Amino acid sequence: MLPGEPEIHDIVGIGFGPSNLAVAIALEECDQPLDAVFLDRKPGFAWHPGLMFPGAEMQVSFTKDLITMRNPRSRYTFLNYLSEQGPGRLGKFINLRTFYPTRVEFNDYYAWAAAQFDKQVRWNTEVLDVTPVPAECGGTELLRLVSRDRSTGETSAILTRNLLIAPGGTPHVPDGAELGERVFHASETRERLARTFDDRSAPHHFNIVGSGQTSADVFMHVRRTYPNARITTNIRGFAMRPEDDTHFVNELFLPEFPDWFHRQDSEFRQKIIDDYGLAAHTGVSYDVIPQIYREYYEDQSAGIDSLALHRFTELVGARSDDGGAVATYFHLDSGETSQVESDAVVLATGYRYPMPIPALAAVDEHLRMETPQRYAIRRDYAIESAEDFMPRIYLQGYAEATHGFSEVLLSLMPLRAAEIVQSITENASVESR
Ligand SMILES: Cc1cc2nc3c(=O)[nH]c(=O)nc-3n(C[C@H](O)[C@H](O)[C@H](O)COP(=O)(O)OP(=O)(O)OC[C@H]3O[C@@H](n4cnc5c(N)ncnc54)[C@H](O)[C@@H]3O)c2cc1C
C-alpha cells in the first residue's frame, strides 16, 4: 500500500453491536488468516443505551449469549464473564436462580467482550457510503467505504473484499410525527428524560405511543422515576399482548430452523411470519403485563387517576409546542380525531430495516432484488450479485423474510456469525486457488 492510499482489508464491518461482535469472536475462533476491521459511529460500546432501564430483564436466556449456542467452551460466554468479575459473582448469579439477567448486566457482558477486540474497532466512525472499485480486467474487485470521524468531522476511505452490514434497526417514526424537543423516539428515552425532566417529583404528563415491549419498559421506567407523573398510553389495538415463548413456539429459534425456513417458498414463509409474529417482535414479556395492570389498578383505586390507556388510537400527528407536545389521534372505533396535550410524546413505535440500504445506493445496480423492497439473500446471508461483482456483502438483521424470526433477535447470532465466517473463508480459499 502506498502512502495516502486507502487500506485494503479482507473484512470490514459496519456497526459493532452484538451481531458483528459475534462475528469477531467467530473469526478469532476459526483461526484463519483473515483481517477484519469494524467501524461504529458510537464513541464506545453501548447496547441500546437510551433504553437501558435499571431492572429491565433480558427476553432471552443468558445461554443465548455471544457464543454458547455454538461453542459452550468458549472464553466469551456469559458465565466466563461472570467468573472474571471477581470472587463470588458467578456463585451469586447462580444463586439468583434465573435464566434472565438484567439488560444492564448483559450490556456490561457485551462491553467486556467488545473490549477484547478494541484493536479491530474504530469508534466514532460513521459509514456514509459504499462504492464499487473496478478491477483492471473488468467487473468489480473491491468495495470502497467512505466514513466520517464524528469527533473531528474528517472523512476517510477504506477498501474491503467482504462487507458485513450490521447497523441495527432504524427507529420508526410514524407518518405525521415531527421529531423535536418534546417528541422523540423511545430509543432516546434516557437522555431525553435526563435533559428535560430533571425534576422527578413534578407532575409531568408523558404520552407513550405503542403497545410492545419498549412501550411497556418505558411505562414502568417513567412510573418508577416520576411517581407524580400522568402517563397516557395510546395503542392501536384493544390490549397489550404477551410474547409467546412457550416451548413448541420457541422452536422457531432452534439452530436448524433457518435452514428449513430458507427452503420454503416465500408465500409459506410469510404465512409463518404473520402467524407467529407475536412470538418474536410485538409481544410484551408475560410477567410485565400484570405489573403494569397492577399500577393501573392501584392508581384508580386510590382515586388518583394519573394513568390512562387509550385503545384503538392511531397516532396521525405529533409536534413540540411551546414547552410541551401536541399529539393527534385517529380513533379507529369511532372514526373521530382528537388531540392530547402533554409534556412529551414518546414514540415506542419500533424499528425498521430499510431495503434497499441507502448507503449501498452506488452498488445497487450490481445486486439482485427478490422484490422491489428486498434483496435476494442467500442462505449464507450474502446478497446475490452480478457474476463479475467479486466482493461479498453480508447482511445481519435484514433477512427475517427468508431466514426467520431469529434474524433481528439474539438467539442464533453465534451461529449466523459462524456461517458468515465460514462462507468468507471458503470463498477466500476458492479465489486463492
Ligand atoms: C431495548 C432493546 C432490547 C432488546 N432485547 C432483546 C432481548 O432481550 N432478546 C433478543 O433476542 N433481542 C433483543 N433485542 C433485539 C436485538 O437483540 C437487538 O436489536 C440487537 O442489538 C441487534 O444487534 P446488532 O448488532 O445487529 O444491532 P445494534 O445492537 O443496533 O448495533 C448496531 C451498531 O451499528 C452502529 N451503526 C449504525 N449505523 C452505522 C453507520 N452508518 N456507521 C457506523 N456504525 C453504525 C450503531 O452505532 C450500533 O452500535 C432488543 C432490542 C432493543 C431495542
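Keep in mind that this is a model prediction, so the values were computed, not measured.

A.B. asks: Talk me through the domain arrangement of the chain; I want residue IDs and the actual numbers.
C.D. replies: When its domains are assigned, the chain resolves into domain 1 (8–169 + 353–431) and domain 2 (171–242 + 283–351). Taking only C-alpha atoms, the centre of domain 1 and the centre of domain 2 are 32 Å apart. Each partner contributes to the interface: domain 1 provides 10 residues, whereas domain 2 provides 17 residues. Roughly 1000 Å² of surface becomes buried between domain 1 and domain 2 when both sides are summed, with 56% attributable to carbon and sulfur atoms. On the domain 1 side of the contact with domain 2, Gly50, Leu51 and Phe53 bury the most area, a combined 46% of that side's loss. In this structure, the connection of domain 1 to domain 2 is made through 1 salt bridge.

A.B. asks: Account for the pattern of salt bridges, with residues named and values stated.
C.D. replies: By the definition in use, this model includes 23 salt bridges. Residue arginine 70 is joined to glutamate 29 by a salt bridge in which the shortest nitrogen-to-oxygen separation is 3.0 Å. With a gap of 41 residues between them, arginine 70 in the loop between strand E2 (36–39) and helix H2 (78–83) and glutamate 29 in helix H1 (residues 18–30) connect regions that are remote in the sequence. In this structure glutamate 29 comes out as partly exposed when scored by relative accessible area, which is 29%. Arginine 269 is paired through a salt bridge with glutamate 370; the nearest N and O atoms lie 3.7 Å apart. Of this pair, arginine 269 sits in helix H8 (residues 266–282) while glutamate 370 sits in strand E17 (residues 369–371), placing them 101 residues apart in sequence.

A.B. asks: Please give an account of the site of the ligand that cites residues and values.
C.D. replies: Of all residues adjacent to the ligand, which total 28 residues, the nearest are Ser19, Asp40, Trp47, Gln59 and Leu410. A distance of 2.7 Å is found between an oxygen atom of the ligand and a backbone nitrogen or oxygen belonging to glutamine 59. Among the secondary structure elements, those contributing two or more residues to the shell around the ligand are H1 and strand E4 (125–134). No other element matches E4, which puts 3 residues into the shell around the ligand. Looking at the shell around the ligand residue by residue, the class counts come to 16 nonpolar, 7 polar and 5 charged.

A.B. asks: How would you explain the sheet that holds strand E13 (residues 324–331) if you had to name every residue and give the values?
C.D. replies: By way of backbone hydrogen bonds, the strands of a sheet pair with one another, either parallel or antiparallel. Strand order in this open sheet of 3 strands is E12-E13-E14, and the pairing throughout is antiparallel. Two strands close off the open sheet at either side, each with one partner strand: strand E12 (313–321) and strand E14 (337–342). Across this sheet, the average inter-strand angle for adjacent strands is 20°, counted without regard to direction. Direction of pairing for E13 relative to E14: antiparallel, over a ladder of 6 bridges. When the bridges of E14 are listed, phenylalanine 330 appears paired with threonine 337.

A.B. asks: Quick one: what's the story with the packing of aromatic side chains, residue by residue and with numbers?
C.D. replies: Scanning the entire structure with this criterion turns up 26 aromatic pairs. With a centroid separation of 5.6 Å and an interplanar angle of 50°, the aromatic rings of phenylalanine 257 and tryptophan 260 are classed as tilted. Placement of both phenylalanine 257 and tryptophan 260 in helix H7 (residues 257–263) is noted, with a separation of 3 residues, approximately one turn of the helix. Exposure remark for phenylalanine 257: the relative accessible area of 11% places this residue in the buried category. In this structure tryptophan 260 comes out as partly exposed when scored by relative accessible area, which is 32%. Linked through ring pairs, Phe45, Trp47, Phe62, Phe78, Tyr81, Phe93, Phe99, Phe106, Tyr109, Tyr110 and Trp112 together constitute an aromatic cluster. The side chain of arginine 311 reaches across the aromatic face of phenylalanine 238, ending 3.9 Å from its centre.

A.B. asks: Before we move on, could you go through the nonpolar core and cite the residues and values that matter?
C.D. replies: A general tendency of soluble globular proteins is for nonpolar side chains to be buried together. Counting 68 residues, the largest nonpolar core has Leu360 and Ile393 as its most contacted members. Element by element, the count of residues in this core is highest for H1, at 7 residues. With near-sequence residues (within four places) excluded, isoleucine 393 lies in contact with Leu143, Leu163, Ile165, Leu360, Val363, Leu367, Tyr381, Ala382 and Ile383. Core analysis: the second largest hydrophobic core is formed by 26 residues, Phe53, Phe206, Met240 and Val346 among them.

A.B. asks: Account for a nonpolar patch on the surface, with residues named and values stated.
C.D. replies: A contiguous nonpolar surface patch, about 270 Å² in accessible area, is contributed by Phe238, Phe312 and Leu332. Judged by relative accessible area, which is 41%, leucine 332 ranks as partly exposed.

A.B. asks: Go over the sheet that holds strand E9 (residues 205–209) with me, naming the residues and quoting the values.
C.D. replies: Spatially, the 5 strands line up as an open sheet ordered E8-E15-E9-E10-E11, and their pairing is parallel. Each having just a single partner strand, strand E8 (183–185) and strand E11 (307–310) make up the two edges of the open sheet. With direction set aside, neighbouring strand axes in the sheet form an average angle of 20°. The pairing of strand E10 (residues 230–234) with E11 spans 4 bridges and is parallel. In the sheet register, asparagine 234 faces E11, and the bridge partner there is histidine 310. Contacts between helix H9 (residues 288–301) and the sheet are confined to E10 and E11, with E11 contributing the most and set at about 120° to the helix.

A.B. asks: So what's going on with the side chain of serine 61? Residues and values would help.
C.D. replies: Looking at where serine 61 falls in the secondary structure, it is placed in the loop between E2 and H2. A relative accessible area of 12% places serine 61 in the buried class. In terms of polar contacts, serine 61 uses its side chain to reach the side chain of threonine 63, at 2.5 Å. Excluding residues that lie within four positions of it along the chain, serine 61 makes contacts with Phe99 and Tyr100.

Criteria and thresholds
Residues numbered from 1 in each chain as written. Predicted model: local features only at pLDDT ≥ 70, side-chain atom pairs only at ≥ 80, totals over all residues. Heavy atoms only, no water. Domains from an automatic or database assignment. Contact = heavy atoms within 4.5 Å. Buried area = accessible area lost by both parts, 1.4 Å probe. Salt bridge = Lys/Arg side-chain N within 4 Å of Asp/Glu carboxyl O. Helix = DSSP H or I, 4+ residues; strand = E, 2+ residues; numbered from the N terminus. Buried < 20%, exposed > 50% of the residue type's maximum accessible area, 1.4 Å probe, protein only. Near = heavy atom within 4 Å. Polar contact = N/O pair within 3.5 Å; in protein donor to acceptor, adjacent residues only side chain to side chain. Nonpolar A, V, L, I, M, F, W, Y, C, P; charged D, E, K, R; others polar. Pairing = 2+ DSSP bridges. Axes fitted to C-alpha atoms, helices over the stretch in contact; angles between N-to-C directions. Phe/Tyr/Trp six-rings, centres within 6.5 Å; stacked < 30°, edge-to-face > 60°. Lys NZ or Arg CZ within 6 Å of the ring centre and 35° of its normal. Core = buried A, V, L, I, M, F, W, Y, C linked by side-chain atoms within 4.5 Å. Patch = residues over 30% accessible without salt bridge, like charges linked within 9 Å, V, L, I, M, F, W, Y side chains within 5 Å. Areas by Shrake-Rupley, 256 points an atom, 1.4 Å probe, with all protein chains shown as cover.

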